[in-house]
Amino acid sequence: MTTDADIIRRSRESPQAFTELYDKYARMIHRYAARRAGESAAEDVMAETFLVAFERRDSFDQARNDARPWLFGIATNLLRKHHRTEAKMLKVLAKSSGRDSYADSTDRIAERLDAAVAASAMAGALRALSAADRECILLFAWAELSYEGIAEATKVPIGTVRSRLNRARRILKDAAGPFRNDTEEAEHGRAQATA
Amino acid sequence: MDELKLLREMRNDIPIVKDSVIDSGRHQLLHRIAPGGVKKSKRRPRKALRITLMTTATLGLVTALVGGNVIGLAGWRGAASAEAAEVLNNAASMSIKTVDPVVGPGQYLKIDSTNLWMSTYGVQDASGSVGSNTTVEWLDTEKMSFYVPADRDQEWVWDRSGRVPTTFFSAQAKETALEQAKDIGDTSEHLRAANGAFYGSPSTFPTEKELAGYSRDPRMLLNGIYLKTLGAGQSLDGEALVWIADLLRTGLVPADLRAALYQAAALIPGVSVTDNQATLDGQSGVAIGRVEGASNIRQDVIIDPATGQLIGERQVALEAMGSVPAGATIGWTTIRTTVVNSLP
């Protein structure tokens, strides 16, 4: 079976081989970027990710067979240029329930239990996260990278990934409170996690 | 349902990426792999048109200037046309006589602006084949209001309408623009920030200290502008005029500096009266401008000759660009300043 490392190795001799990596992962990168910053930004991020990857193909660690953490790492960097678009989008999403965020009466939110409201609460919580924590949790939930993969993508030790994920999940959990099946949790007053 | 499941469901409804997008990215990659091997694909400008390339001629000149440690650039290479200089110098003397509205303690300078920006978007043409992309163009309008407190350290407010597509250069442009606008949704914002540090970034507005620091002597002011903009834009003189237009449209420029900026513009080679009856957003004035040879785009500054007030500035395409016909205005800003007693 051809691994990503094989493709990249071959591309050193015959650069055209690098397009195999593009064909394999372009859509995945596009989807992730589109979820984070919209389709317009995603188009740029996707194309640019592979241009950067191609230029830096010598830096790919041949011991790793899977190129996804490496590619998502590049995409994550490029997405930082679109942080305003992302922030705007989250803001719009957070507002879409007609209320600023989850920092409202639990009873009223519970009455309007639906996907849009849940998405709005999640968006509100994502806004409250630091950029590093947000990148981390989204690489986990949307890019489906493992802890190791995120560590590789964001070039931080795995312990840092763990603590970032914990912190992010705690804030998201607070925001998700009213939508969780665990009603006892939901009734409980919690410290607001807004930044 | 736990928080991860909720998060995974969020924005899960992203449409499948179009093949044209995948093809375009692949094309760019192939071009990078073998620059000569594939037809050169033009990277499409997406946002408002930004000109960052310098012509070889400018590069040469800049190198010579820096190398030769030449600092006094203004004056010896010519100046604006006599007619333009007259309009600008008259506007300058009118400005000097103008008393700027005084922003008292607790009051705000309110700067209302209407801004039109061009969007260019790559779309696949009717043949649908790979690499057969074309572009569509339209203008977005954004209305903004800034409230600048008398004490700049206090809270500022910035109301933005968000970009709304308003002028379409083709039917396809209209379709694309409206589709995009729908995707992006309402982007209006009401921002508040002490010291004008919106979006958590330091204010991009000129500080009072900075404004006070600019020379009121037109020649020295222009020399300073040349040094500031050296290497930017497509030409030295073009960038100097753009810099002046950018500063004027902040609405924060005091009358004496406004006068000096007009006089400095009168010293820029290639500047001429481009339209005696220019109308922008319902206000008429005289347009003073300069054609950028490399791009064939003209930068105009529009002044009310009776008062010396700035009406606005605009960019005009002198040749067709994609769906934009020659002579079309591809961007403009008008400003109006008033003093108000409170924030919205």
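Keep in mind it's a predicted model, so treat the numbers as computed, not measured.

(A) Representation of the overall build of chain B. A count of helices and strands for chain B gives nine helices and ten strands. Buried positions account for 47% of the 344 residues belonging to chain B. Long-range pairs, those at least 24 residues apart, make up 65% of the contacts in chain B between residues at least 6 apart in sequence. Split by element, the accessible area of chain B, about 16,300 Å² in all, is 54% carbon and sulfur.

(B) Highlighting the packing of aromatic side chains. Counted under the stated rule, the structure contains nine aromatic pairs over all chains. Look at Phe18 of chain A and Phe54 of chain A: their rings are 5.4 Å apart centre to centre, the planes differ by 70 degrees, and that puts the pair in the edge-to-face class. In this structure an aromatic cluster arises from ring pairing among Phe146, Trp156, Trp158 and Phe205 of chain B. The side chain of Arg57 of chain A reaches across the aromatic face of Phe54 of chain A, ending 4.1 Å from its centre.

(C) Highlighting helix α8 (residues 147–154) of chain A. Residues and elements named next belong to chain A. All of the buried residues along α8 are Gly149, Ile150, Ala151, Ala153 and Thr154. Looking at the packing, one finds that the buried side of α8 touches α3 (68–79), α7 (131–141) and α9 (158–176). Count one or two residues on from α8 and you reach Lys155, which has phi positive near 55 degrees.

(D) Spatial organisation of the pairing of strand β5 (residues 189–194) of chain B. Residues and elements named next belong to chain B. Burial of the side chains of β5 is restricted to one face: Glu189, Leu191 and Ala193 are buried, whereas none of His190, Arg192 and Ala194 on the reverse face is. Bridge count between strand β3 (residues 155–160) and β5: six bridges; the pairing is antiparallel. For Trp158, the partnering residue across the bridge sits in β5 and is Leu191.

(E) Highlighting the interface of chain B and chain A. Taken residue by residue, the interface counts 36 residues in chain B and 48 residues in chain A. Carbon and sulfur atoms supply 57% of the area buried between chain B and chain A, which totals about 4,100 Å² over both sides. Together, Glu3, Met10 and Arg11 of chain B form the three largest contributors to the area buried by chain B at its contact with chain A, with a combined 17%. There are six salt bridges connecting chain B and chain A. Taking the shortest distance from any N to any O, the salt bridge between Arg169 of chain A and Glu3 of chain B comes out at 3.0 Å. Here chain B and chain A share twelve residue pairs in polar contact (both at pLDDT 80 or more) between them. For the side of chain B that touches chain A, the elements supplying multiple residues, two or more each, are α1 (3–9), α2 (19–33) and β5 of chain B.

(F) Region of interest: the environment of Ser130 of chain A. Residue and element names in this part refer to chain A. Mapped onto the secondary structure, Ser130 falls in the loop between α6 (115–128) and α7. Ser130 sits in the partly exposed class, given a relative accessible area of 35%. Distance from Ser130 to Arg167, taken between C-alpha atoms, is 10.0 Å for residues 37 residues apart in sequence.

(G) Highlighting the pattern of salt bridges. Residues and elements named next belong to chain A. This model, assessed by the stated rule, comprises 29 salt bridges over all chains. For Glu20, the salt bridge identified is with Arg10, shortest N-O distance 3.0 Å. Of this pair, Glu20 sits in helix α2 (residues 18–55) while Arg10 sits in helix α1 (residues 4–13), and the two are ten residues apart along the sequence. Look at Arg10 and you get partly exposed, because its relative accessible area is 37%. Linking Arg134 and Glu86 is a salt bridge whose minimum nitrogen-to-oxygen distance equals 4.0 Å. You can see Arg134 sitting in helix α7 and its partner Glu86 sitting in helix α4 (residues 83–95), a full 48 residues away along the chain.

(H) Inspection of the packing of helix α4 (residues 82–97) of chain B against helix α9 (residues 255–265) of chain B at higher detail. Residue and element names in this part refer to chain B. At a closest axis distance of 8 Å, the pairing of α4 and α9 adopts a crossing angle of 170 degrees. If you check the angle between α4 and α9, you find them roughly antiparallel. The segment α4 lies against α9, with Leu88, Asn89, Ala91, Ala92, Ser95 and Ile96 engaging Ala255, Asp256, Arg258, Ala259, Tyr262, Gln263 and Ala265. When grouped by side-chain class, the residues that make up the contact of α4 with α9 number eight nonpolar, three polar and two charged.

(I) Region of interest: the nonpolar core. Trp70 and Ile137 of chain A together with Leu7 and Met10 of chain B are the most contacted members of the largest nonpolar core, which totals 71 residues. Counting residues per element, this core draws most heavily on α2 of chain A, which supplies 19 residues. With residues near it in sequence (within four places) discarded, Ile137 of chain A still touches Leu126, Leu129, Leu165, Ala168, Arg169 and Leu172 of chain A together with Leu4 and Leu7 of chain B.

(J) The arrangement of the confidence of the model for chain B in detail. Residue and element names in this part refer to chain B. The predicted model of chain B averages 80 in pLDDT, with 80% of residues at 70 or higher. Element-level pLDDT for chain B is lowest in helix α3 (residues 56–67), with a mean of 49, against a maximum mean of 93 in α9. Residue range residues 36–57 is modelled with pLDDT below 50. Its contacts to residues more than four positions away, or to other chains, number 43 contacts. For residues 65–71, every residue scores under 50 in pLDDT, and the model assigns this stretch nine contacts once sequence neighbours within four places are set aside. Scoring of the predicted complex yields 0.52 for pTM and 0.82 for ipTM.

(K) Just the environment of Glu137 of chain B, in detail. All names here are of chain B. Counting through the fold element by element, Glu137 comes out in strand β2 (residues 133–149). With 30 residues separating them along the chain, Glu137 and Thr167 place their C-alpha atoms 9.0 Å apart. Engagement of the side chain of Glu137 in a polar contact is seen with the side chain of Ser323, the distance being 2.5 Å.

(L) How the structure looks around the pairing of strand β9 (residues 310–317) of chain B. Residues and elements named next belong to chain B. Within β9, seven of the eight residues are buried, which leaves it mostly tucked inside the rest of the structure. Of the strand pairs in this sheet, strand β8 (residues 297–303) and β9 are connected by seven bridges, and their pairing is antiparallel. Residue Arg298 lies in a different strand from β9, and its bridge partner there is Val316. Connecting β8 to the next strand, β9, in antiparallel fashion are six residues, including Gly308 with a positive phi near 80 degrees. Two elements, β9 and strand β10 (residues 329–340), share five bridges in a ladder whose sense is antiparallel.

Definitions and limits used
Residues numbered from 1 in each chain as written. Chains lettered and ligands numbered in written order. Predicted model: local features only at pLDDT ≥ 70, side-chain atom pairs only at ≥ 80, totals over all residues. Heavy atoms only, no water. Helix = DSSP H or I, 4+ residues; strand = E, 2+ residues; numbered from the N terminus. Buried < 20%, exposed > 50% of the residue type's maximum accessible area, 1.4 Å probe, protein only. Contact = heavy atoms within 4.5 Å. Areas by Shrake-Rupley, 256 points an atom, 1.4 Å probe, with all protein chains shown as cover. Phe/Tyr/Trp six-rings, centres within 6.5 Å; stacked < 30°, edge-to-face > 60°. Lys NZ or Arg CZ within 6 Å of the ring centre and 35° of its normal. Pairing = 2+ DSSP bridges. Buried area = accessible area lost by both parts, 1.4 Å probe. Salt bridge = Lys/Arg side-chain N within 4 Å of Asp/Glu carboxyl O. Polar contact = N/O pair within 3.5 Å; in protein donor to acceptor, adjacent residues only side chain to side chain. Axes fitted to C-alpha atoms, helices over the stretch in contact; angles between N-to-C directions. Parallel < 35°, antiparallel > 145°, perpendicular 65-115°, else oblique. Nonpolar A, V, L, I, M, F, W, Y, C, P; charged D, E, K, R; others polar. Core = buried A, V, L, I, M, F, W, Y, C linked by side-chain atoms within 4.5 Å. pLDDT = per-residue confidence, 0-100.

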